[in-house]
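Structure assessment
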Amino acid sequence: MLLGLLRTILFIILFYYVFKFLMRLFAPFLIKKVAEKMQQQANQQYRNQQQSSVKEGETVIDKAPRNQRQTKDDVGEYVDFEEIDKP
């Protein structure tokens, strides 16, 4: 039983160091690939934005939709008051 526990601890430590070593080798490659993919997506979005942009001299007015507030009538109303001191 003690031998099994020591073997398990040894495998965990060995796995940790092998994983750490492999990450040092492959991390720069993985980070480079992720950065390239992000840059490619940004360029694609920029191209899409340029294609759909408005021609020079053209005026465009964007109106935001009105957000209709939903009020609850059963809440009541707010009453502002001041305390009056009696002399």
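Residues numbered from 1 in each chain as written. Predicted model: local features only at pLDDT ≥ 70, side-chain atom pairs only at ≥ 80, totals over all residues. Heavy atoms only, no water.

Some points on the overall build of the protein
Scanning the protein from terminus to terminus reveals 1 helix and 0 strands. Looking at the protein as a whole, 0% of its 87 residues qualify as buried. In the structure as shown, the protein presents an accessible area of about 10200 Å², 58% of it carried by carbon and sulfur atoms. (Helix = DSSP H or I, 4+ residues; strand = E, 2+ residues; numbered from the N terminus. Buried < 20%, exposed > 50% of the residue type's maximum accessible area, 1.4 Å probe, protein only. Areas by Shrake-Rupley, 256 points an atom, 1.4 Å probe, with all protein chains shown as cover.)

Here we look at the packing of aromatic side chains
A full pass over the atoms with the stated rule returns 2 aromatic pairs. With 6.1 Å between their ring centres and 20 degrees between their planes, phenylalanine 15 and phenylalanine 19 make a pair best called stacked. Placement of the pair is phenylalanine 15 and phenylalanine 19 together in helix H1 (residues 2-51), with a separation of 4 residues, close to one helical turn. (Phe/Tyr/Trp six-rings, centres within 6.5 Å; stacked < 30°, edge-to-face > 60°.)

Regarding H1
With 50 residues, H1 should cover 74 Å at 1.5 Å per step; its first-to-last C-alpha distance of 69 Å lies within 8% of that length. By the largest-angle criterion, phenylalanine 26 marks the main kink of H1, which is about 45 degrees, and a proline, proline 28, follows within four residues. (Expected span 1.5 Å × (residues − 1). Bend = angle between axes of the 7 residues up to and from the residue.)

Details of a nonpolar patch on the surface
A cluster of nonpolar side chains, Phe11, Leu14, Phe15, Val18, Phe19, Phe21, Leu22, Met23, Leu25, Phe26, Phe29 and Leu30, forms an exposed patch at the surface whose accessible area comes to about 1200 Å². Overall, methionine 23 belongs to the partly exposed group, its relative accessible area being 33%. (Patch = residues over 30% accessible without salt bridge, like charges linked within 9 Å, V, L, I, M, F, W, Y side chains within 5 Å. Salt bridge = Lys/Arg side-chain N within 4 Å of Asp/Glu carboxyl O.)

Nothing here speaks to function; it is all geometry.
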